[in-house]
Amino acid sequence: MQSFHPPQRTLMGPGPSDVNPRILQAMSRPTIGHLDPSFIQLMDEIKSLLQFAFKTTNALTLPLSAPGSAGMEAVFVNLLEPGDKAIVCQNGVFGGRMKDNVERCGATAILVQDAWGAPVNPNKVEAALREHPDARLLAFVHAETSTGVRSDAQSLAALAARHGVLCVMDAVTSLGGMEVEIDLWGVDAVYSGSQKCLSCAPGLSPVSFSPRAAERIRARRTKVQSWFLDMNLIMDYWGSGTRRSYHHTAPVNALYGLHEALCILAEEGLGAAWERHRLHHEALVSGLEAMGLALHVAPDWRLPQLNAVMVPEGVDEAMIRASLLRDHGLEIGAGLGAMAGKIWRIGLMGHACNRRNVLLCLAALEDSLASAGAAIQTGLALSAAHARYAQS
Ligand SMILES: *Cc1c(COP(=O)(O)O)cnc(C)c1O
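Residues numbered from 1 in each chain as written. Predicted model: local features only at pLDDT ≥ 70, side-chain atom pairs only at ≥ 80, totals over all residues. Heavy atoms only, no water.

Caption draft 1: Molecular detail of the overall build of the protein. Secondary structure assignment for the protein yields 14 helices and 13 strands. Relative to the 2.2 N^0.38 estimate, which gives 21 Å for 392 residues, the radius of gyration of the protein is 21 Å and therefore close to what a compact globule would have. With the C-alpha coordinates of the protein rotated into their principal frame, the extents come out at 65 × 55 × 45 Å. The buried share of the protein, reckoned over its 392 residues, is 57%. Put simply, 72% of the contacts in the protein that link residues at least 6 apart link residues at least 24 apart. Summing over all exposed atoms, the protein offers an accessible surface of approximately 15900 Å²; the carbon and sulfur share of this is 53%. (Helix = DSSP H or I, 4+ residues; strand = E, 2+ residues; numbered from the N terminus. Rg over C-alpha atoms; globule rule 2.2 N^0.38 Å. Buried < 20%, exposed > 50% of the residue type's maximum accessible area, 1.4 Å probe, protein only. Contact = heavy atoms within 4.5 Å. Areas by Shrake-Rupley, 256 points an atom, 1.4 Å probe, with all protein chains shown as cover.)

Listed below in structure tokens is the structure:
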């Protein structure tokens, strides 16, 4: 056996995204004890940086030591008890996972379904809230990575507030890449992931719970069924002050990375980061459309950080992805679930969201499609992207 050296790639899929070298450097610093006073200071800084990123004053804001899926599970296992009812919006893969989580808590999921490629329809959500006044929470995915769709989080959170239910939001793909306003919108529980627009290594899930949600957790009649994800226990470890009780060994070096990722986001500023994602998304779309490719989502609801592109008729989508990887070291994503074989997913997340990657992706995709004999326009994509940049 020899040391593993990964190939050089450009990651423009649905995550992980290219990790900023500053973050990789931070992660290679010496490991210290997870109850070392310096480490406790780092934990406090991470909590306040996460409050900044989520735009919240929630005291219960911290990274879970596991990927985004654990954040999803943590929210449901803490907020739901057997016999509870939850309204779950599904317009892609991740809404379906929310439903599964709700049911595994012994709760009932009331599904509000929309087409894969359309946003969650607030009218349907309102009807469900009226029909189920006993529901305890409303859950939706802000940025559906499986379809490239944004939903109107502000309206959905307002509906939850009006009907007196907790609002749960998946911000795995939205955090750092588009507007996320936890306090302004009134979201009660949110989870994200380190490897999407934060451009950190995978494996951490920032979460935040409002005082109302924290109160719900404290007032539970039953124990949280998951020991590892029980926020009552995690709070004692991540709580304030210097008295921390051991819960699990924090992934020390991974947290150095998250701290650095959040410092980078703070240096750029949230508004500037959102604006950068929008600009490069528009340049990418200009180039794709000049090539004759179509996007799966209507313009108003597109995610800047995840572009769902229709696979042209007769093209073997897997072969194109394989040639992008082999010839250009470029990774883009395949369709997931119902979208398998129908779309590609081109990520412009965090550190990977830049002009060089947009131009690389357009040139590489044109090369691979033309080589495969696809009926696309050649020679126009790069100038279309440049034209968009020239306007900024
Ligand atoms: C990636 C993703 C997840 C899951 O995150 P993991 O880190 O892969 O566990 C959940 N929800 C959405 C919307 C995602 O894009």
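So, next bit.
Caption draft 2: Fine view of the environment of Leu-156. Checked against the element boundaries, Leu-156 lands in helix α6 (residues 153–162). You can call Leu-156 buried: its relative accessible area is 0%. If near-sequence neighbours (up to four positions away) are discounted, Leu-156 is found in contact with Val-120, Pro-122, Val-125, Leu-138, Phe-140 and Ser-151.

Caption draft 3: The arrangement of the site of the ligand in detail. Near the ligand the following residues occur: Pro-67, Gly-68, Ser-69, Phe-94, Val-141, Ala-143, Thr-145, Asp-170, Val-172, Thr-173, Gln-195 and Lys-196. At 3.1 Å from an oxygen atom of the ligand is found a side-chain nitrogen or oxygen belonging to Thr-173. Side-chain polar atom of Lys-196 to an oxygen atom of the ligand: 2.7 Å apart, as the coordinates give it. Surface burial for the ligand is 89%, taken as the share of its 380 Å² of free accessible area covered by protein chains. Of the residues that constitute the shell around the ligand, the class distribution is 5 nonpolar, 5 polar and 2 charged. (Near = heavy atom within 4 Å. Polar contact = N/O pair within 3.5 Å; in protein donor to acceptor, adjacent residues only side chain to side chain. Nonpolar A, V, L, I, M, F, W, Y, C, P; charged D, E, K, R; others polar.)

Caption draft 4: Local environment of the nonpolar core. Counting 93 residues, the largest nonpolar core has Phe-76, Leu-79, Met-169, Phe-209 and Met-231 as the members making the most contacts within it. With 9 residues, the single largest contributor to this core is helix α2 (residues 37–54). Looking at which domains feed residues into this core, each of domain 1 (21–267) and domain 2 (270–390) supplies at least three. When residues no more than four places from it in sequence are discounted, the contact partners of Phe-76 are Met-98, Asn-101, Val-102, Cys-105, Leu-137, Ala-139 and Val-168. (Core = buried A, V, L, I, M, F, W, Y, C linked by side-chain atoms within 4.5 Å. Domains from an automatic or database assignment.)

Caption draft 5: Fine view of the side chain of His-259. Tracing the backbone through its elements, the reader meets His-259 in helix α10 (residues 252–268). Residue class for His-259 comes out buried when judged on its relative accessible area of 12%. Ignoring sequence-local partners within four residues, the contact set of His-259 consists of Leu-42, Glu-45, Ile-46 and Leu-49.

Caption draft 6: How the structure looks around the state of the cysteines. What the rule picks out here adds up to 0 disulfides. As a non-bridged cysteine, Cys-167 has Cys-89 as the owner of its nearest cysteine sulfur, 9.1 Å distant. Left unpaired, Cys-361 is separated from the closest cysteine sulfur, that of Cys-353, by 12 Å. Residue class for Cys-361 comes out buried when judged on its relative accessible area of 1%. (Disulfide = S-S within 2.5 Å.)

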